[in-house]
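The chain contents come next:
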Amino acid sequence: MDEIKSIGVIGAGQMGSGIAHVFALAGFDIHLHDVNAGAIDQAKGLIDKNLGRQLLKGKITEEEKASALAHIAGAPKLDQLSACDIVIEAATENIELKKAIFRELSEVLEPGSIIATNTSSISITALAAVTDRPDRFIGLHFMNPVPVMKLVEVIRGIATSEQTFEAAKGLVDKLDKTMAVSEDYPAFIVNRILMPMINEAIYCLYEGVGTVDAIDTGMKLGANHPMGPLQLADFIGLDTCLSIMQVLYDGLADSKYRPCPLLVKYVEAGWLGRKSGRGFYDYKGEVPVPTR
């Protein structure tokens with residue numbers, strides 16, 4: 001654990017920038033990679049903004065903010081991650097895309113380094129199998145937004161070594177987060193429970209049981225959820241929700257995991273939630289407005 005000092009992060013989107021944020025704040029050297037070089041600069045700006053929020057709330061000092069930003073370097077080319085002690089992949093939730101990344105990464109990463117994936121649903125064993133080091137491959141599923149959420153799911157593939165698991169556990173401890181160990185089954189623990197609930201909420205909308213507002217208000221006030229399931233789906237991204245439901249449906253072959261046809265239609269329409277400006281809510285104005 002003491003030997004891990006430099007961390008590569010693949011993917012400069014919401015999850016990748018959040019992962020870079022928390023590790024940089026913990027004093028690790030971060031090398032942030034994305035196929036879109038412009039996304040790296042955008043991620044740095046987002047990290048700066050989020051660190052600023054923590055500063056205003058008194059959670060960090062000016063010195064800690066400056067130090068964290070100084071620990072983050074852009075890595076436009078994948079081979080710039082070659083000397084990292086561990087590389088964490090946080091690309092789109094697509095198994096073929098992730099496999100392609102890991103095949104390429106295996107060719108440039110030093111033999112003793114660890115590879116981790118932030119996948120929220122895909123088999124760790126299947127992803128590890130395309131690398132040259134399945135024993136040094138592990139799942140580190142951070143929750144969104146990473147700087148706020150305390151949980152990290154840690155998932156071992158069938159070949160993951162005890163040494164790799166202990167290194168991952170040490171990293172989570174360094175971040176002052178809590179680890180939940182999951183077996184390598186579709187969607188792990190959190191999304192195995194959460195996504196069917198969201199999917200059922202979409203079925204309630206699809207079948208006319210209630211409106212968007214009624215469903216979300218019901219779960220917020222009736223079940224004491226901080227956010228309604230449809231609002232949460234928009235926050236996660238409807239394409240991600242659909243991908244996870246498809247992993248559950250394909251992996252467990254149970255009809256209760258069948259993605260709601262309305263969810264499929266919204267994704268086909270490009271209505272992906274907050275990131276596209278429209279999902280179960282319309283985000284064009286100052287206040288989100290239910291679309292159904």
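What counts as what
- Residues numbered from 1 in each chain as written.
- Predicted model: local features only at pLDDT ≥ 70, side-chain atom pairs only at ≥ 80, totals over all residues.
- Heavy atoms only, no water.
- Phe/Tyr/Trp six-rings, centres within 6.5 Å; stacked < 30°, edge-to-face > 60°.
- Buried < 20%, exposed > 50% of the residue type's maximum accessible area, 1.4 Å probe, protein only.
- Lys NZ or Arg CZ within 6 Å of the ring centre and 35° of its normal.
- Helix = DSSP H or I, 4+ residues; strand = E, 2+ residues; numbered from the N terminus.
- Expected span 1.5 Å × (residues − 1).
- Pairing = 2+ DSSP bridges.
- Axes fitted to C-alpha atoms, helices over the stretch in contact; angles between N-to-C directions.
- Patch = residues over 30% accessible without salt bridge, like charges linked within 9 Å, V, L, I, M, F, W, Y side chains within 5 Å.
- Areas by Shrake-Rupley, 256 points an atom, 1.4 Å probe, with all protein chains shown as cover.
- Salt bridge = Lys/Arg side-chain N within 4 Å of Asp/Glu carboxyl O.
- Lys, Arg positive; Asp, Glu negative; His and termini not counted.
- Charge placed at Lys NZ, Arg CZ, Asp CG, Glu CD.
- UniProt positions renumbered as here; feature names shortened; annotations may be inferred.
- Core = buried A, V, L, I, M, F, W, Y, C linked by side-chain atoms within 4.5 Å.
- Contact = heavy atoms within 4.5 Å.
- Left-handed = near helix turned anticlockwise from the far one by under 90°.
- Nonpolar A, V, L, I, M, F, W, Y, C, P; charged D, E, K, R; others polar.

Asker: Looking at this structure, how should I read the packing of aromatic side chains?
Answerer: The final tally for this structure, using the stated rule, is seven aromatic pairs. Between Phe23 and Phe28 the ring centres are 5.5 Å apart and the planes differ by 85°, which places this aromatic pair in the edge-to-face class. Note on Phe23: relative accessible area 0%, which makes it buried. Aromatic side chains Tyr266 and Trp271 sit 5.2 Å apart centroid to centroid with 85° between the ring planes, which places their arrangement in the edge-to-face category. With relative accessibility at 4%, the residue Tyr266 sits in the buried group. The exposure class of Trp271 is partly exposed, given its relative accessible area of 31%. Among the aromatic residues, those joined into a cluster by ring pairs are Phe23, Phe28 and Phe142. Above the ring of Phe165, the side-chain terminus of Arg156 is found at 3.9 Å from the ring centroid. For Arg278, the ring lying beneath its charged end belongs to Trp271, and the centroid distance is 4.0 Å.

Asker: Please explain helix α6 (residues 162-174) as it appears in this structure.
Answerer: Side chains that are three or four residues apart share a direction in an α-helix, a result of its 3.6 residues per turn. If you check α6, its first and last C-alpha atoms are 18 Å apart, about what 13 residues at 1.5 Å a residue would give, namely 18 Å. Buried residues of α6: Thr164, Phe165, Ala167, Ala168, Gly170, Leu171 and Val172, and no others. Taken from the residues just after α6, Asp176 is the one with a positive phi, measuring 60°.

Asker: Could you clarify how one ought to interpret the sheet that holds strand β1 (residues 6-10) in this entry?
Answerer: By definition, the strands of a sheet pair up through backbone hydrogen bonds, in either a parallel or an antiparallel sense. Taken in spatial order, the eight strands line up as β3-β2-β1-β4-β5-β6-β7-β8 in an open sheet, and their pairing is mixed. Unpaired on one side and paired on the other, β3 (72-74) and β8 (178-182) mark the two borders of the sheet. Between one strand axis and the next, the sheet turns through 25° on average, direction left out of account. Pairing between strand β2 (residues 29-33) and β3: three bridges, direction parallel.

Asker: Hey, could you run me through a positive patch on the surface in this one?
Answerer: Together, Lys49, Arg53, Lys57 and Lys59 make up a positively charged patch on the protein surface. Position of Lys59 relative to the elements: it lies in the loop between α2 (37-56) and α3 (62-70). Look at Lys59 and you get exposed, because its relative accessible area is 62%.

Asker: Looking at this structure, how should I read the UniProt feature "domain: 3-hydroxyacyl-CoA dehydrogenase NAD binding" (unreviewed entry) in the protein chain?
Answerer: Summarizing the sequence annotation, UniProt attributes the feature "domain: 3-hydroxyacyl-CoA dehydrogenase NAD binding" (unreviewed entry) to residues 7-183 in the numbering used throughout. In the segment residues 7-183, helix accounts for 41% and strand for 21%; the C-alpha atoms at its two ends are 25 Å apart.

Asker: Honestly, the pattern of salt bridges in this entry has me stumped. Any pointers?
Answerer: Should their charged atoms come close, side chains of opposite charge can pair. Across all of its chains, the model carries eleven salt bridges by this definition. With a shortest N-O distance of 2.8 Å, Arg133 and Asp132 are connected by a salt bridge. Of the residues examined, Arg133 reaches a relative accessible area of 1% and is grouped as buried. Beyond isolated ion pairs, a larger network of salt bridges with shared partners links Glu89, Glu93 and Lys98.

Asker: Help me understand the nonpolar core, please; the structure alone is not making it clear to me.
Answerer: Taken as a class, soluble globular proteins show a tendency for nonpolar side chains to be buried jointly. Grouped together as the largest cluster of nonpolar side chains are 38 residues, with contacts concentrated most on Ile7, Phe23, Ile30, Ile86, Leu140 and Phe142. The leading source of residues in this core is helix α1 (residues 14-25), at six residues. Beyond its immediate stretch of four places on either side in the chain, Ile7 contacts Phe23, Phe28, Asp29, Ile30, His31, Cys84, Ile86, Ile88 and Leu171. Within the second largest apolar cluster, 26 residues are counted, among which are Ala187, Met195, Leu262 and Tyr281.

Asker: Looking at this structure, how should I read the packing of helix α7 (residues 190-206) against helix α9 (residues 229-236)?
Answerer: Helix packing for two helices is described by the angle between their axes and how far apart those axes are. Packing of α7 against α9 leaves a shortest axis separation of 9 Å and a crossing angle of 115°. Viewed along their axes, α7 and α9 form a crossing whose handedness is left-handed. In this structure, α7 uses Leu194, Met195, Met197, Ile198, Ala201, Ile202 and Leu205 to contact α9, whose residues at the interface are Pro229, Leu230, Leu232, Ala233 and Ile236. Across the contact of α7 with α9, the residue classes tally to twelve nonpolar, no polar and no charged.

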